[in-house]
Structures are given as C-alpha cells and as structure tokens.
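A look at the structure
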Amino acid sequence: MSQATIIAAMDKCFTASQNLSHTMRTVHPISPDTEKLKARVWSEVDDANKAQAEAYQKAKDLRKTATTKPPAPAANVPAPLSKPHPSGKHATLTAASDVTIEKPRFIDQPIMPLGVITLFAGRAGVSKSTLSIDRAAKATRGLLEGDCKGHPVNVAFSGIEDSLSMQKARLMAADADMSRVQFLTMQNTVNGTDITTGLSLPDDLPEIRKLLIDADIRLWILDPITSCISGNTDKRDDVRAALDPLAALAEDLDIAIVGILHFNKGAGYASDKVSGSHAFRDICRSLLLVAKDDEDGSIIATLDKNNYTLAQGASYSYGLTSVDITDDLGQSMSVPKVTGFMPSERTVSEVINRNIGQGEQSGNGRAESGAVLSWLTDYLGDEKVPFSQIKKDASSLEGYTPKQLQNARDNSNGVIATERDPGYKGRGKQYLWLVQSNTNEHE
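Not measured: the values here are computed from a predicted model.

Let's shift gears to the packing of helix 5 (residues 205-214) against helix 6 (residues 236-253). Packing of helix 5 against helix 6 leaves a shortest axis separation of 12 Å and a crossing angle of 25 degrees. By the angle between their directions, the pair helix 5 and helix 6 is classed as roughly parallel. As helix 5 packs across helix 6, the resulting crossing turns out to be right-handed. Here Leu-205, Arg-209, Leu-212 and Ile-213 of helix 5 come into contact with helix 6, specifically with Pro-245, Leu-246, Leu-249, Asp-252 and Leu-253. For the contact of helix 5 with helix 6, the per-class residue count stands at seven nonpolar, no polar and two charged.

Following Gln-109, the chain continues to Pro-110 via a peptide bond in cis, the omega torsion being 5 degrees. With respect to the helices and strands, Pro-110 occurs in the loop between strand 1 (106-108) and strand 2 (112-113). The step from Leu-201 to Pro-202 runs through a cis peptide bond, and the omega angle for that step is 5 degrees. Topologically, Pro-202 is positioned in the loop between strand 7 (193-197) and helix 5. With a phi close to 85 degrees, Ser-127 is a non-glycine residue in the positive phi region. Note on placement: Ser-127 falls in the loop between strand 3 (117-122) and helix 3 (128-139). Judged by relative accessible area, which is 8%, Ser-127 ranks as buried.

Looking now at the packing of aromatic side chains. Under the criterion given, the structure shown has five aromatic pairs. A ring pair is formed by Trp-375 and Tyr-400, whose centres lie 5.9 Å apart and whose planes are at 65 degrees; its orientation type is edge-to-face. Taken together, the residues span a long stretch of sequence, with Trp-375 in helix 9 (residues 364-380) and Tyr-400 in the loop between helix 10 (387-397) and helix 11 (402-410) at a distance of 25 residues. The exposure class of Tyr-400 is buried, given its relative accessible area of 8%.

Conventions and cut-offs
Residues numbered from 1 in each chain as written. Predicted model: local features only at pLDDT ≥ 70, side-chain atom pairs only at ≥ 80, totals over all residues. Heavy atoms only, no water. Axes fitted to C-alpha atoms, helices over the stretch in contact; angles between N-to-C directions. Helix = DSSP H or I, 4+ residues; strand = E, 2+ residues; numbered from the N terminus. Parallel < 35°, antiparallel > 145°, perpendicular 65-115°, else oblique. Left-handed = near helix turned anticlockwise from the far one by under 90°. Contact = heavy atoms within 4.5 Å. Nonpolar A, V, L, I, M, F, W, Y, C, P; charged D, E, K, R; others polar. Buried < 20%, exposed > 50% of the residue type's maximum accessible area, 1.4 Å probe, protein only. Phe/Tyr/Trp six-rings, centres within 6.5 Å; stacked < 30°, edge-to-face > 60°.

The structure is reproduced here in structure tokens:
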C-alpha cells in the first residue's frame, strides 16, 4: 500500500470519528444507563481522536519529506581562498566613522609629543645635546609637564659622536635616574668579538623595535640623527626613506623620538636653517630651534613647529652651569648642565640675526670666513672638485651655505682658485675649485 493510500484512509477515519463524536455529544439522554454508555463512548472517542490526530500529523510530515527533492551533492569545488593581504605600497580607504579620535599626549608638553618625531636643531656647540639630556633626565624622574608627570619613564640614547662614558657623566650631572637609562647601539659580532657599528635607518629598525618594547622605552634620542641616514641628507627621497619608517615606529610604539640636527650658517629666517632636505621639517611633528645669544651668553629655544598645540612660536631661555663628576678612577671632571629653563620673549631668529650683525661689525664675520677657508683648504687638498659637489658636502658636513663658500674664496687672497671644467658636457658651465697661489678664473 502506498503512502498516499495510507494517508487517505486515515483522513476518512479521522472524519468519521469526528462525526461520531459530534453525534454522541448531541444525543439526548433517555435513561441513566444510556447516559453512562454515552459518557463511556464519548471518553473512548476522545482518546481515539487524539491518537488519530497524532498519527495524521506524522503522516503529513512524512508525505512532505517524501515529496521534497533531496539536495544535490556538493560539487567537488575547493573553498574560495581568502584574499591575501597586500604587501608593499598600495592604496587604501578608511571610513572616517571607523577612526578613533585620540587626544594628543606629551612626554614633555608642549615640546615633545608622544608617538611622533621631534627635532632639536641649532649650530654646533649651542647645547642641543645638553638640552636633550636635561629633558630626558627629568623624564626618568617624572618631572616633566605633560601626560607622564609623576610617572618616571625609561629612556634610550643613541649618541653617535660621544662615548658612552661621557654620555653617562652628563646624565649624572643632570640628575637622571640611571636605572632608567639605556644606551642603544648596534653590534656586529665577528669571530666572537663585538664591534660597535653605527645605526642605519631604516634597516636596523626591526631589531631595534624588539629592544624598545622589551625595555619599555618611552623616549629615544638620536644624536645626531643625520649620522643614522645612509643616503644623501640633502635629497628628499633619501631622507623620507629613512625617517618615514622611524615615524611609523614612534606611532606604533607610542613613544617620543628626538633627533638632534645641525643648522646651516648665516643670517636669515631660523626656520629655513635646518640643514639637509626640507623633508626633515616635513616629517617631524615638533621642531625646537636652539641658538646662543653672543651678547649675554644665554641660550634661546623656540618651538618653531608643533602640530599638536597652540604653543607654536613659544620661546624659552636657559643657561649652562658646570658640574663636577667623579669618574670610576676617582678623578674629577667638569660637565655642563642646563639651569634656569624658563619662558622667554626672545626668539631664535632674533638671536641669530643679531649675532650675525654684531659679528660683521666687530670683525667676527671675517673670522667666520677664515673658518670656512680653513675647511675648504683641508677639503680640497690636492684635488680639483666641482663646486656642485663642494656645496653638497659643505652643507651636510658643516652647514655652510654657498654664499659663505664664495665669500671665503673671494677673501682667500688667491689661495682658492676656480677654473672651467674641460670635461663637462652638460648645459651651461661647471667650475672646478682648487688650492693654488693665484686665481685663474672666478665663477
């Protein structure tokens, strides 16, 4: 018997039972015995109705299942692969609604924000390094204004030009918590011997990143930052290739990174005197310019750029004092220390231009020209060098401008001469500079 026949028969049975139940419920009682019989039959009919209803529903469910086609077997198709994460440079879109707004935070407000690069720039010998040591020493004791006040932090120094011994002495003079100071260097182990090498950005950043995380460093100072760049610091692409990954590291680890940078020499706007490519100024989020006032010996620091505060343009003054430090052999040595750091009305631009003006009136301008001439004669030696190359090297090594080089040549009494480059095939003329007793042809 087919499933359909079973279901049809059950339908008839169910209908008959319903009719019988209805009849029994409406029969008028005739006698007490009839009433008892009616009650018994009515109870049995109700039980039968319930059983038949359950069977009927099960049969309908079975019929529904029987008439539904089974799903087709899944094709032997591999699961779609997830889209690989792109590598290298690629464009991306981020919805503004998905961006989290975070208040800028400072390790030294308003000078050094967290998560970005800050530059200290100034002429050689004006105490840029000493100032960075002073700020770092105060950070190790939680004394700086900002989000870390009252919370001492760990700091790292990569002093390329100074020995670790001298750096430690200067930190001790600044009253740093030495347990919170690390010196970050790169070592090359050859045949079991460790040889200290210079930092190279960005190549060394993966290794450095691990050290900064493990030591919980919140402030890292590179002095000077140009020594960590293997490319040409006058070329924008070389500077960005080194500093863009450094800026990304600062943001990712939420640390403050401070780079020490030199000024070009000469008068003019202080903001234009940062040596090397303008990419230095573009990449940093905070730029502190430093200059010494030749009139009273005080030092002025101006916050020339800061993207995260309205304090841009604020200036500070401070002095230097000598502190005696005893070395491990018991001998005393004097090291400088910052003193009297306070707000000031003077700016670095004012100080630089006044120094230049006073120097020219007193003859110090001629002394500066003599220093450039001395560098030129040592640089040229017995070689003939194109002026284009001299300009690049003088700017990156000493911060001299083309005008200063030309003034030194003109005031050299014929020691520095120029001549046409016979091998030059480009547009216009190229001159070679050389050391000799008489000048052949001036540029």
